[in-house]
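Letter by letter, the chains look like this.
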Amino acid sequence: METIVTEIIKTIKDSDTVIERDMKLLALFFELFRTALGIALEQLDRELAMEYKKQGYIVERQDGRTVQCLCGIVSFVRRRMKKPRKKGIYPLDKQLRLKPYQRFSALLMKKVAETATSCVYRKTADIVNRFTLTNLSHQTVKHIVMQSGKLCQEWQDIQRQESPAEETEAPVVYIEGDGLVLWGQHKRQLEIHRMQVYEGRKKEGKRTRLLHAYHMASTEYEKTRDQAGWYMHRQYGLSHTIVISNGDGGTGYGYEAFQELAAGCKWHEHQRDVYHVHRKVKERLPFAAPEVQEEIRKSIWKHDETSLALWLDTAESEAEGNDELQDVERLRKRFKNIMRKVMKRVPMQPHKGVHQGSIGTYSSASSPLGKLAKGLQMAYIL
């Protein structure tokens, strides 16, 4: 520890500017961490080797490996062990869940994939390189994004195998779905389809935790939907369960899609995500006064067709030009169709155990814009 402190003090004294000092300190801390991590991994490998020897394995050879992490490249040596008539393995790789030829850490892959949801691969590489000690190209970013989709599917397959066979009694189950579009060069895009099933949420200090959450993700929508249906009916049975679903209304995330997943349940209610509803009002009526937009949202929330029509008329009176008038008319037709569907169905019921605010977590966290959404409450029935 004294050596580290001495090195830090020396680095501070030898720096001419504040930025130079901070950069040197960051590089020093990362170097110390990489060195310590490499030593720790080799020590863990020795311990694992002793355990495997008890099972009849022998050390075949020692091989080096490097993994690119957010802090830079971590190098270590680990043992390849073999048992008679068994395939050779690397106990440390198995412990770390490192796949053969995997060159990037899981956290690095996660951060790259998240950043790629809001910009192209070349910009993603630039952002990641600026804030970490990595040196990624846009081709590498594309490879990581594709690999992340495969890892999501593999993780889901493992989760599917390990899930309990017995049904769980849950009065209310929530299911949400959303697609993440990852943009590449030449307008190419990759979409990751996600769904999550949970039984509510619990406040833990300033954070909120989903109860008994089960997540599904794949680059293929059909796989995600099939797994969601499999889990819903295997885990809950649904005959005595209220299902509350939520989606943005896009292809595969509307009422009909979730109705299939909730087939046989005691009651199914579907809400359009409140964030997308608010965004649509803002996009169509930027010229309207803020209080008019707010009253329109309140009318939707209350399912009040009369009030909604009046406030849309007010917005229309503020419109200037054909383009703004057409935007009001588009919004009027959109909500009129939605309200008509609502009136054909049973109005939203105040079910016991259904909590306002338990739905909408995907759109609040799935994108940089979604993080700005404050509405984690139920919007309106589709």
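This structure is a prediction, so every number in the text was calculated from the model and none was measured.

## A few points about the overall build of the protein chain
Alright, step 1. Of the regular secondary structure elements, the protein chain holds 13 helices and 10 strands.
Alright, step 2. Per-residue burial over the protein chain gives 42% buried out of 382 residues.
Alright, step 3. Pairs at least 24 apart in sequence give 64% of the contacts found in the protein chain among residues at least 6 apart.
Alright, step 4. Counting every atom, the protein chain has about 22,500 Å² of accessible surface; 54% of that belongs to carbon and sulfur.

## A few points about the packing of helix 9 (residues 274-284) against helix 10 (residues 290-302)
Alright, step 1. Across the interface, helix 9 lies against helix 10 with an axial gap of 10 Å and an inter-helix angle of 145°. When you trace helix 9 past helix 10, the crossing you get is right-handed. On the side of helix 9, the interface is formed by V277, H278, V281 and K282, while helix 10 contributes Q293, I296, R297 and I300.
Alright, step 2. In terms of residue class, the contact of helix 9 with helix 10 is made up of four nonpolar, two polar and two charged.

## A word on helix 10
Alright, step 1. The terminal C-alpha atoms of helix 10 lie 18 Å apart, and with 13 residues this matches the ideal 18 Å at 1.5 Å per residue to within 8%.
Alright, step 2. H303, located one to two residues past helix 10, shows a positive phi value of around 60°.

## Some points on the state of the cysteines
Alright, step 1. Tallied over the entire structure, the rule returns zero disulfides.
Alright, step 2. Sulfur of C71: no disulfide; nearest cysteine sulfur belongs to C69 and is 5.0 Å away.

## Description of the packing of aromatic side chains
Alright, step 1. The final tally for this structure, using the stated rule, is five aromatic pairs.
Alright, step 2. Considering the side-chain rings of Y174 and Y198, the 5.4 Å spacing of their centres and the 15° angle between planes classify their relative orientation as stacked. Taken together, the residues span a long stretch of sequence, with Y174 in strand 3 (residues 172-183) and Y198 in strand 4 (residues 189-198) at a distance of 24 residues.
Alright, step 3. Judged by relative accessible area, which is 0%, Y174 ranks as buried.
Alright, step 4. Among the aromatic side chains, those forming a connected cluster through ring pairs are Y214, Y231 and Y236.
Alright, step 5. If you follow R78 out to its NZ or CZ, it ends over the ring of Y90, 3.9 Å from the centre.

## Remarks on a nonpolar patch on the surface
Alright, step 1. A grouping of I4, F29 and L32 is seen on the molecular surface, where their side chains present a nonpolar patch of about 230 Å² in accessible area.
Alright, step 2. With respect to the element layout, F29 can be found in helix 2 (residues 18-54).

## A word on unusual backbone geometry
Leaving glycine aside, a negative phi is the common case for residues, and trans is the common case for peptide bonds.
Alright, step 1. Even without being glycine, R97 reaches a positive phi, approximately 60°.
Alright, step 2. Considering the arrangement of structural elements, one finds R97 in the loop between helix 3 (91-96) and helix 4 (106-115).
Alright, step 3. R97 sits in the exposed class, given a relative accessible area of 75%.
Alright, step 4. Even without being a glycine, H212 presents a positive backbone phi close to 50°.
Alright, step 5. You can see H212 is positioned in the loop between strand 6 (207-210) and strand 7 (214-218).

## Looking at helix 7 (residues 221-235)
Alright, step 1. Its 15 residues give helix 7 an end-to-end C-alpha distance of 21 Å, which sits within 8% of 21 Å, the value for a rise of 1.5 Å per residue.
Alright, step 2. Along helix 7, the residues that are buried comprise Y221, T224, Q227, A228, G229, Y231, M232 and Q235.
Alright, step 3. At the C-terminal side of helix 7, G237 shows a positive phi close to 80°.

## Examining the environment of R297
Alright, step 1. Mapped onto the secondary structure, R297 falls in helix 10.
Alright, step 2. When the C-alpha positions of R297 and V277 are compared, they lie 8.1 Å apart, and in sequence the two are 20 residues distant.
Alright, step 3. The residues contacting R297, other than those within four sequence positions of it, are H278 and V281.

## As for the pattern of salt bridges
Alright, step 1. What the rule picks out here adds up to 25 salt bridges.
Alright, step 2. The residue K10 makes a salt bridge to D14 at a minimum N-O spacing of 3.0 Å.
Alright, step 3. Counted as one network, the salt bridges with shared partners bring together E222, R225, D226 and E260.

## Quick look at the nonpolar core
Alright, step 1. Ranked by size, the top nonpolar core spans 20 residues in total, and within it I175, M195, V197, M232, Y236 and V243 carry the most contacts.
Alright, step 2. At the level of elements, strand 3, strand 4, strand 7, helix 7 and helix 8 (255-261) are the ones that each hand at least two residues to this core.
Alright, step 3. Per element, the largest residue contribution to this core is four residues, and it comes from helix 7.
Alright, step 4. Excluding residues within four positions of it along the chain, M232 makes contact with V173, I175, V197, G237, L238, V243 and L261.
Alright, step 5. In this structure, V277, I300, L308 and A315 belong to the second largest nonpolar core, which totals 14 residues.

## With respect to the confidence of the model for the protein chain
Alright, step 1. Across the protein chain, the average pLDDT comes to 78, with 79% of residues at 70 or higher.
Alright, step 2. A low-confidence stretch, residues 364-382 stays under pLDDT 50, and its non-local contacts, those more than four residues away or across chains, total 63 contacts.

## Overview of the packing of helix 4 against helix 5 (residues 121-131)
Alright, step 1. Following both chains from N to C, one finds helix 4 and helix 5 inclined at 130°, their axes separated by 9 Å at the closest point. With respect to their mutual orientation, helix 4 and helix 5 come out oblique. Where helix 4 crosses over helix 5, the two elements pack in a sense that is right-handed. Only T124, I127 and V128 of helix 5 make contact with helix 4, whose side of the interface consists of L108, V112 and T115.
Alright, step 2. The class makeup of the residues in the contact of helix 4 with helix 5 is four nonpolar, two polar and no charged.

What counts as what
Residues numbered from 1 in each chain as written. Predicted model: local features only at pLDDT ≥ 70, side-chain atom pairs only at ≥ 80, totals over all residues. Heavy atoms only, no water. Helix = DSSP H or I, 4+ residues; strand = E, 2+ residues; numbered from the N terminus. Buried < 20%, exposed > 50% of the residue type's maximum accessible area, 1.4 Å probe, protein only. Contact = heavy atoms within 4.5 Å. Areas by Shrake-Rupley, 256 points an atom, 1.4 Å probe, with all protein chains shown as cover. Axes fitted to C-alpha atoms, helices over the stretch in contact; angles between N-to-C directions. Left-handed = near helix turned anticlockwise from the far one by under 90°. Nonpolar A, V, L, I, M, F, W, Y, C, P; charged D, E, K, R; others polar. Expected span 1.5 Å × (residues − 1). Disulfide = S-S within 2.5 Å. Phe/Tyr/Trp six-rings, centres within 6.5 Å; stacked < 30°, edge-to-face > 60°. Lys NZ or Arg CZ within 6 Å of the ring centre and 35° of its normal. Patch = residues over 30% accessible without salt bridge, like charges linked within 9 Å, V, L, I, M, F, W, Y side chains within 5 Å. Salt bridge = Lys/Arg side-chain N within 4 Å of Asp/Glu carboxyl O. Core = buried A, V, L, I, M, F, W, Y, C linked by side-chain atoms within 4.5 Å. pLDDT = per-residue confidence, 0-100. Parallel < 35°, antiparallel > 145°, perpendicular 65-115°, else oblique.

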